[in-house]
Amino acid sequence: MREWTREERYRVLHDPQELWEMHEEVSRSDFRQSFHIQPITGLLNDPNGFVWHDNKWHLFYQWCPWGAVHGLKYWYHIVSTDLITWKNCGVCIMPDRDYDNKGAYSGSAMPIGDSLYLYYTGNHRDEDWTRRSYTCLAKLRDDGWTEKYPLPLFGPSPYYTEHQRDPKIVYVKETNLYYIILGAQTKDKWGRAIVYKSEDLLHGWNFAGELTVPGFEQFGDMWECPSVERIGGKDVLIFCPQHLKIQGRGESDNHNGYILGQMDWETLTFTPDGQFHVLDFGFDSYAAECANNVQDENKAVLVAWMGLPDVSYPTDEENWAGCLTLPRELTVRGRRLIQQPLPGLKQLRDTEISLAGHTSGDIVKLPRVSEIELYCRPDDLELDLFTREDGTGGIHISYQKDSHEITVDRSGMTNRFNTAHGESRTRILEDGLSHLRIFIDRSSVEIFVNDGDAVFTSRVFPVDGEDHFVLHGDSFIRMWTLKAAVKDTLVV
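Residues numbered from 1 in each chain as written. Predicted model: local features only at pLDDT ≥ 70, side-chain atom pairs only at ≥ 80, totals over all residues. Heavy atoms only, no water.

According to the stated counting rule, one finds 25 aromatic pairs in the structure shown. Seen from their ring centres, Tyr171 and Tyr178 are 5.0 Å apart, and the 50° between their planes marks the pair as tilted. Residue Tyr171 is classed as partly exposed on the basis of its relative accessible area of 36%. Ring centres 6.0 Å apart and planes at 45° place the aromatic pair Phe281 and Phe456 in the tilted group. With Phe281 in the loop between strand 17 (277–278) and strand 18 (286–290) and Phe456 in strand 32 (residues 454–459), the pair connects residues that are 175 residues apart, well separated along the chain. Side by side, Phe281 and Phe456 carry an identical accessibility label, which is buried. Chaining the aromatic ring pairs together yields one cluster made of Phe216, Phe219, Trp223, Phe239 and Phe276. The aromatic ring of Trp66 is capped on one face by Arg11, whose charged end is 3.7 Å from the ring centroid. Looking at Arg349, its charged tip hangs above the ring of Trp480, at a distance of 3.7 Å from the centre. (Phe/Tyr/Trp six-rings, centres within 6.5 Å; stacked < 30°, edge-to-face > 60°. Buried < 20%, exposed > 50% of the residue type's maximum accessible area, 1.4 Å probe, protein only. Helix = DSSP H or I, 4+ residues; strand = E, 2+ residues; numbered from the N terminus. Lys NZ or Arg CZ within 6 Å of the ring centre and 35° of its normal.)

Right, let's get into the environment of Gly452. Within the secondary structure, Gly452 is located in the loop between strand 31 (444–449) and strand 32. Residue Gly452 is classed as buried on the basis of its relative accessible area of 2%. Placed 113 residues apart in sequence, Gly452 and Gln339 show a C-alpha to C-alpha distance of 4.6 Å. Not counting the four nearest positions on each side in its chain, Gly452 is found in contact with Leu337, Ile338, Gln339 and Gln340. (Contact = heavy atoms within 4.5 Å.)

Given below as structure tokens:
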């Protein structure tokens, strides 16, 4: 694996022409996605600024241009009218001020009138590499240019470590105030969310206090990407606790999840109604962000980074890494969040593959970009994706009716990676298995279980010959090839 110097990681992008040759190389990769957002070059990680504004969806992602490395970060801008097809718009926020001299880090967006305001973390480092994190503001103008405010809204709180970032902007009708929620770390190294408030989006921000979450005072040493969402009359605290082990998550110590409860903005107390749940039971999902301004109080729209901190992927050697999950509709069912594929994804269906005459155990050709839908009988089931022609290897999906457990195991793939974090994930299905909907792109698999009751998101990197599937079990199955939805064009 390449070793990067600090100078290489934090090199400033001056001339877009520098990226043409790299983009040509990257675009020839066998693992470039067809309907997932991916970087034009280099590294993509957190989604940022997800919002509905000016009759389209705006989404930004953390971007380091030079390769699969966390270095100098930019906000890269993409737009869509339907959350299915996406257009590259180019760099939106550049780290070109003293307060963000080492990166424009994650944040969120808020539309007011004709303007779109972008709140982000300015990552500043001194000559001795001491970090200070600033909460900064930029305005995206109608002509596509970004106007930064000359000074940050506020600097770091002295009561926490240098780890203070990822502003989520929220407006609360009951108090008629704006709030910014930040992920933070206490001086004794426990994760927290801290809150600032103001009557004005642009001025007068004051430290309001720490979010109290009873029972979660010692739950990871840092909370990244925190937000409080209101969905169907329920409050949901979504965050990424770091550096702790969770049962069923193997050796992974970076997680993305949520707690249902009640939020009191006057006292800054979130009272949990149950335990912490992971958002995604697969191997590669982090830094989820819900869109602002959805205009539907009964649902939210979520997108996440299809990756994790502190891991590597096979495309690292090709000078690119990362993609985003499919956007998903979030609703509350009982005491769980439900994640469902967007209805519009059906418009990507191209050719239906006839499976007439195939029976359980048959080895069937698997299109590289496809969707599979299964209606399952109440019985054991085994489905192997990306197998070889003889039916061996691949990703193994199994359901055991006696234990009500569904398991996804990717250890059969030729390209194995991040194995120290575990290669198998299991989820108990209280009501059994009835339905699977699986989206397969050129280097990812997203498995939606029981109409969104559980999701398994995973990166996969099949080699030549890993292009079949085998189903053992009594299920009704349909399969389609899918059309491309993301143009792999270089726009800087």
